[in-house]
Amino acid sequence: MKTKITVEWMPIHILVGGAIFTIYGLGGTILGDYKWAYALVFLLGLVMFTSRHLVVIDRDKSTYNDFYWVLGFKVQNYTATIKEIQSLTITAGNYTQQYGMYVRRYISGTIYKIYLDLADDEPLYLGQSKSLKKLRVRAEEIARELKTQVRDTIED
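Scope of this entry: the structure provided in the associated data block. (Residues numbered from 1 in each chain as written. Predicted model: local features only at pLDDT ≥ 70, side-chain atom pairs only at ≥ 80, totals over all residues. Heavy atoms only, no water.)

### A word on the overall build of the protein chain
Stated precisely, the cut-off is as follows: Secondary structure follows DSSP: runs of H or I at least 4 residues long count as helices, runs of E at least 2 residues long count as strands, and numbering of each begins at the N terminus. For a compact globule the rule gives 2.2 Å times the number of residues to the power 0.38, and the radius of gyration it is set against comes from C-alpha atoms. Under the scheme applied here, a residue whose accessible area is under 20% of the maximum for its type counts as buried, over 50% as exposed, and between as partly exposed, the area being computed with a 1.4 Å probe on protein chains only. Any two residues having at least one pair of non-hydrogen atoms within 4.5 Å are treated as being in contact. Each accessible area is a Shrake-Rupley result for a 1.4 Å probe, and residues are judged covered by the shown protein chains and nothing else. When charges are counted, Lys and Arg are positive and Asp and Glu negative, with His and the chain ends excluded. The atoms used to mark charge sites are NZ of Lys, CZ of Arg, CG of Asp and CD of Glu.
What the protein chain contains, in helices and strands, is 3 helices and 8 strands. If you list the helices and strands of the protein chain from N to C, you get β-α-α-β-β-β-β-β-β-α-β. Over its C-alpha trace the protein chain gives a radius of gyration of 20 Å, far above what one expects of a compact globule, namely 15 Å for 156 residues. On the principal axes, the C-alpha backbone points of the protein chain span a range of 60 × 45 × 25 Å. Out of the 156 residues belonging to the protein chain, those deemed buried represent 33%. Across the protein chain, the fraction of contacts at a sequence separation of at least 24, relative to all contacts at a separation of at least 6, is 50%. Summed over all atoms, the accessible surface of the protein chain reaches about 10,500 Å², with 57% contributed by carbon and sulfur. With 19 positive and 16 negative side-chain charges, the protein chain shows a spacing of 7 Å between the two charge centroids.

### Things to note about the sheet that holds strand 5 (residues 85-99)
Put simply, the test is: Only strands that DSSP links by at least two bridges are regarded as paired with each other. In this analysis, axes come from line fits to C-alpha atoms, helices being fitted only over the stretch in contact, and the angle between any two N-to-C directions falls in the range 0 to 180 degrees.
Taking strand neighbours across the sheet as the criterion, the 4 strands line up as 7-6-5-8 in an open arrangement whose pairing is mixed. Strands with a single pairing partner mark the edges of an open sheet, and in this sheet they are strand 7 (124-129) and strand 8 (150-152). When the angles between neighbouring strand axes are averaged without regard to direction, this sheet yields 30°. Bridge count between strand 6 (residues 105-118) and strand 7: 5 bridges; the pairing is antiparallel.

### Digging into a positive patch on the surface
Selection criterion: Patches were defined on residues exceeding 30% relative accessible area and lacking a salt bridge, with like-charge contacts within 9 Å and nonpolar side-chain contacts (Val, Leu, Ile, Met, Phe, Trp, Tyr) within 5 Å. Whenever a carboxyl oxygen of Asp or Glu lies within 4 Å of a side-chain nitrogen of Lys or Arg, that contact is scored as a salt bridge.
A grouping of Lys2, Lys4, Lys61 and Lys74 is seen on the molecular surface, where their side chains present a positively charged patch. Summarising the element assignment, Lys4 is placed in strand 1 (residues 2-9).

### Let's talk about unusual backbone geometry
A positive phi is found at Leu71, a non-glycine position, where the angle reads about 50°. Locating Leu71 in the fold gives a position in the loop between strand 3 (63-70) and strand 4 (73-81). You can call Leu71 partly exposed: its relative accessible area is 32%. For Asp120, which is not a glycine, the phi torsion comes out positive at approximately 60°. Mapped onto the elements of the fold, Asp120 is located in the loop between strand 6 and strand 7.

### Concerning the sheet that holds strand 3
The strands that make up a sheet are held in pairs by hydrogen bonds between backbone atoms, and each pair lies either parallel or antiparallel. Spatially, 4 strands are ordered 1-2-3-4 in an open sheet, and the strand pairing comes out antiparallel. Every other strand in the sheet has two partners, leaving strand 1 and strand 4 as the edge strands with one partner each. Averaged over all adjacent pairs, the angle separating strand axes in this sheet is 20°, with direction ignored. Examined bridge by bridge, strand 2 (residues 52-58) and strand 3 share 7 bridges and lie antiparallel to one another. Bridging across to strand 3, Leu54 finds its partner in Phe67.

### Regarding the environment of Asp152
Inclusion rule: Pairs of N or O atoms within 3.5 Å make up the polar contacts considered here, provided that, within protein, one atom can donate a hydrogen while the other can accept it, and that residues adjacent in sequence are counted only when both atoms are side-chain atoms.
Relative to the helices and strands, Asp152 resides in strand 8. Those residues within four positions of Asp152 in sequence are excluded, and the remaining contacts are Ile90 and Arg136. Within the structure, the side chain of Asp152 is placed 2.6 Å from the side chain of Arg136, a separation counted as a polar contact.

### Quick notes on the packing of aromatic side chains
For any pair of aromatic rings, the description consists of the separation of the ring centres together with the inter-plane angle of the planes. What counts here: Pairing of aromatic side chains requires ring centres within 6.5 Å, counting the rings of Phe and Tyr and the six-membered ring of Trp. Pairs whose planes differ by under 30 degrees are stacked, by over 60 edge-to-face, and all others tilted.
The final tally for this structure, using the stated rule, is 4 aromatic pairs. Taking the centre distance of 6.2 Å and the plane angle of 55° together, the rings of Tyr64 and Tyr78 count as tilted. You can see Tyr64 sitting in strand 3 and its partner Tyr78 sitting in strand 4, a full 14 residues away along the chain. Look at Tyr64 and you get buried, because its relative accessible area is 5%. Look at Phe67 and Trp69: their rings are 6.3 Å apart centre to centre, the planes differ by 55°, and that puts the pair in the tilted class.

Below, the structure is given as structure tokens:
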């Protein structure tokens, strides 16, 4: 039985831009004069809109694939065997982000992450969220599919 986990989509501004480029490029390809240029815009929009980071865990074969999905192709596909799935772990960490042409503003807070603990291997990153409640629900769903337990390291 395979379990497909979407680790991360592109940031929201890339997704929206991809949707706009896709629609604009498709319309231009059908109606415009420079069909090749509009076709490139359409293709760029599809890449932006459909790209994501996935992990597929195959319990029957005891393997996992960690890859990026770009236009229906697996890019940077890493496959490894699983000896044993121990648990899912929820951790917390601080993040700081700087923005502006001259760094004058900082955003900081707590980010929560899910890792799959594997025997004799590094933990496998399965996603993050700023909402602990949403991440706990997602971790429970994944744990139910993988028939394992959630180890929550966050104190309320």
